Amino acid sequence: MSNMDKAQELLNSRVTVYGDRVKNMEDVAKVWSGILGTEVRADQVTLCMMGYKLVRASGTPDYEDNIKDVEGYALMFREIIGDKMISAVTTDEYLAKKQHPTRLQHAENKIK
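Anyway, here's the lowdown on the structure attached to this text. (Residues numbered from 1 in each chain as written. Predicted model: local features only at pLDDT ≥ 70, side-chain atom pairs only at ≥ 80, totals over all residues. Heavy atoms only, no water.)

## Observations concerning a nonpolar patch on the surface
Reasoning step 1: Residues V31, I35 and L36 make up a contiguous nonpolar surface patch of about 330 Å² in total accessible area.
Reasoning step 2: With respect to the element layout, V31 can be found in helix α2 (residues 21-36). (Patch = residues over 30% accessible without salt bridge, like charges linked within 9 Å, V, L, I, M, F, W, Y side chains within 5 Å. Areas by Shrake-Rupley, 256 points an atom, 1.4 Å probe, with all protein chains shown as cover. Salt bridge = Lys/Arg side-chain N within 4 Å of Asp/Glu carboxyl O. Helix = DSSP H or I, 4+ residues; strand = E, 2+ residues; numbered from the N terminus.)

## Quick look at the environment of D83
Reasoning step 1: Relative to the helices and strands, D83 is located in the loop between α4 (64-81) and α5 (91-99).
Reasoning step 2: Residues D83 and Y52, 31 residues apart in the sequence, show an inter-C-alpha distance of 26 Å.

## Some thoughts on the packing of helix α1 (residues 3-18) against α4
Helices that pack against each other are described as a pair by the angle of their axes relative to one another and the distance between those axes.
Reasoning step 1: Here α1 crosses α4 at 75°, and the two axes come no closer than 9 Å. The orientation of α1 with respect to α4, classified from their angle, is roughly perpendicular. Judged by residue contacts, N3, M4, A7, Q8, L11 and R14 of α1 engage K68, D69, E71, G72, A74, L75, M76 and E79 from α4.
Reasoning step 2: Residues that form the contact of α1 with α4 fall into these classes: six nonpolar, three polar and five charged. (Axes fitted to C-alpha atoms, helices over the stretch in contact; angles between N-to-C directions. Parallel < 35°, antiparallel > 145°, perpendicular 65-115°, else oblique. Contact = heavy atoms within 4.5 Å. Nonpolar A, V, L, I, M, F, W, Y, C, P; charged D, E, K, R; others polar.)

## Things to note about the environment of M25
Reasoning step 1: Its location among the elements puts M25 in helix α2.
Reasoning step 2: Classification of M25 by relative accessible area gives buried; the value is 6%.
Reasoning step 3: Distance in space between the C-alpha atoms of M25 and R41 is 8.3 Å, their sequence separation being 16 residues.
Reasoning step 4: Discounting chain neighbours no more than four positions away, the residues touching M25 are A42, V45, T46, Y73, M76 and I80. (Buried < 20%, exposed > 50% of the residue type's maximum accessible area, 1.4 Å probe, protein only.)

## A word on the side chain of D69
Reasoning step 1: Along the chain, D69 falls in helix α4.
Reasoning step 2: The exposure class of D69 is buried, given its relative accessible area of 12%.
Reasoning step 3: If we ignore the near neighbours within four places in the chain, the residues touching D69 are R14 and K53.

## Some details on the environment of V17
Reasoning step 1: Examined against the element boundaries, V17 turns out to sit in helix α1.
Reasoning step 2: Sequence separation between V17 and T90 is 73 residues; the distance between their C-alpha atoms is 39 Å.

## Focus: α1
Reasoning step 1: The end-to-end C-alpha separation of α1 is 22 Å, in line with the 22 Å expected for 16 residues at 1.5 Å each.
Reasoning step 2: Once α1 ends, the next one or two residues include G19, with phi positive near 85°. (Expected span 1.5 Å × (residues − 1).)

## Some thoughts on the pattern of salt bridges
Reasoning step 1: Tallied over the full model, the rule gives six salt bridges.
Reasoning step 2: One salt bridge connects E93 with K97, and the closest N-O pair in it is separated by 3.3 Å. On the criterion of helical spacing, the pair formed by E93 and K97 is a turn pair, its members being four residues apart in helix α5.

## Quick word on the packing of α2 against α4
Reasoning step 1: Remark: α2 packs on α4, axes separated minimally by 10 Å, with the N-to-C direction vectors making an angle of 90°. On the basis of their axis angle, the class for α2 and α4 is roughly perpendicular. Across from R21, V22 and M25 in α2, the residues of α4 making contact are Y73, M76, E79 and I80.
Reasoning step 2: Classifying every residue of the contact of α2 with α4 by side-chain character gives five nonpolar, no polar and two charged.

Structure below.
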């Protein structure tokens, strides 16, 4: 089982205790927004939490739990971004896809 599979399994096991992880990150974003006086998005919460865990990992590089948490937050980040994530290998490919969204992306933008 890969590390990301293990992280996914760990995240799934916590749903019964902590509830839906995307909603949880949205709720944290609301709280942080109130504290900081500026809008914080759920995806930014996951990035900040990864940063926090990376700092911990730099102090204890042999303690696997911190890296498991980073992997878990990375999975949450992907879940939050969802279908808006642009899959590209190069920056040129990314920019081309971003400039020319698919029909589905056009439809989604009209709904917003």
